[in-house]
Structure formats: structure tokens, C-alpha cells
Amino acid sequence: MKIARTFTIDYNLAVELQKKPNQSRIVERSIRRYLAADEDYSLDEIPTRQLMAALQQRDDCVQHIKVILWDQLTSS
């Protein structure tokens, strides 16, 4: 069962949220994640390109892996 509620959020956040197709789903998922903050997050939730970019920027990543990641990130 769903219930409608009104909450106050920052204007900039509201503007960004209006650009999304299913605002209620986004808000619900975000609140559920916030309430379950004691649980570990899953890397499965992070987009692959974001993971690749983060790994490519790390100092402890070997150079040949960085080259491959950079090639993939810039190819599309």
C-alpha cells in the first residue's frame, strides 16, 4: 500500500528530481537506503563506468590497467 506525504527539500534538489522519470520511486529507494545505512552497500549498485573512472584515478592502480580503463572510458 502506498501513502502520499509532503516533505520540504532544498530547491536545487527538487529541480534535479523533476528531471527524473519516476520521482516517487527514486525518493522511496533513497529513503530505504538511508534507513538501512547500517548495512553494507553493494558495488552492484554503482554503474560500471563510474567504477572504471574511480579505479583509473587511484594511485595504487598499475599503469597498464589505467591505460586500458582510459581507453574504455574515452571510446564511447
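Residues numbered from 1 in each chain as written. Predicted model: local features only at pLDDT ≥ 70, side-chain atom pairs only at ≥ 80, totals over all residues. Heavy atoms only, no water.

Trainee: Break down the overall build of the protein for me, with residues and values.
Mentor: Secondary structure assignment for the protein yields four helices and zero strands. Listed by position from the N terminus, the elements making up the protein come as α-α-α-α. Here the C-alpha atoms of the protein give a radius of gyration of 18 Å, more than 25% beyond the 11 Å that 2.2 N^0.38 yields for 76 residues. A principal-axis box enclosing the C-alpha atoms of the protein has dimensions of 50 × 30 × 20 Å. Per-residue burial over the protein gives 9% buried out of 76 residues. Of the accessible surface of the protein, which amounts to about 7400 Å², a share of 55% is contributed by carbon and sulfur atoms. Where the 11 positive side-chain charges of the protein centre and where its 11 negative ones centre are 8 Å apart. (Helix = DSSP H or I, 4+ residues; strand = E, 2+ residues; numbered from the N terminus. Rg over C-alpha atoms; globule rule 2.2 N^0.38 Å. Buried < 20%, exposed > 50% of the residue type's maximum accessible area, 1.4 Å probe, protein only. Areas by Shrake-Rupley, 256 points an atom, 1.4 Å probe, with all protein chains shown as cover. Lys, Arg positive; Asp, Glu negative; His and termini not counted. Charge placed at Lys NZ, Arg CZ, Asp CG, Glu CD.)

Trainee: Could you give me a rundown of the confidence of the model for the protein, with the residues and numbers involved?
Mentor: With 93% of its residues at a pLDDT of at least 70, the protein reaches an overall mean of 88. Across the protein, element-level confidence peaks in helix α4 (residues 63–75) with a mean pLDDT of 94 and bottoms out in helix α2 (residues 23–35) with 88. (pLDDT = per-residue confidence, 0-100.)

Trainee: Account for the pattern of salt bridges, with residues named and values stated.
Mentor: Tallied over the full model, the rule gives four salt bridges. Note that E16 and K19 form a salt bridge whose closest N and O atoms lie 3.1 Å from each other. Here E28 and R32 are joined by a salt bridge, their closest N and O atoms 2.9 Å apart. Of this pair, E28 and R32 both sit in helix α2, four residues apart, roughly one helical turn. (Salt bridge = Lys/Arg side-chain N within 4 Å of Asp/Glu carboxyl O.)

Trainee: Kindly report on α4, identifying the contributing residues and their values.
Mentor: Relative to the 18 Å expected for 13 residues at 1.5 Å per residue, α4 spans 18 Å between its end C-alpha atoms, a close match to the ideal helical length. Along α4, the residues that are buried comprise K66, L69 and L73. The arc enclosing the buried residues of α4, seen along the axis, measures out at 65°, which places them on a common side. Along α4, the residues that are exposed and aim more than 90 degrees away from the buried face are H64, I68 and S75. Structurally, α4 contributes buried residues whose contacts are with α3 (48–57). (Expected span 1.5 Å × (residues − 1). Arc of directions from axis to C-beta. Contact = heavy atoms within 4.5 Å.)

Trainee: Can you lay out a nonpolar patch on the surface for me, pointing to particular residues and giving the numbers?
Mentor: Side chains of V27, I31, Y34 and L35 sit close together on the surface and give an oily, nonpolar patch of about 440 Å² of accessible area. Within the secondary structure, I31 sits in helix α2. For I31, a relative accessible area of 43% translates into the label partly exposed. (Patch = residues over 30% accessible without salt bridge, like charges linked within 9 Å, V, L, I, M, F, W, Y side chains within 5 Å.)

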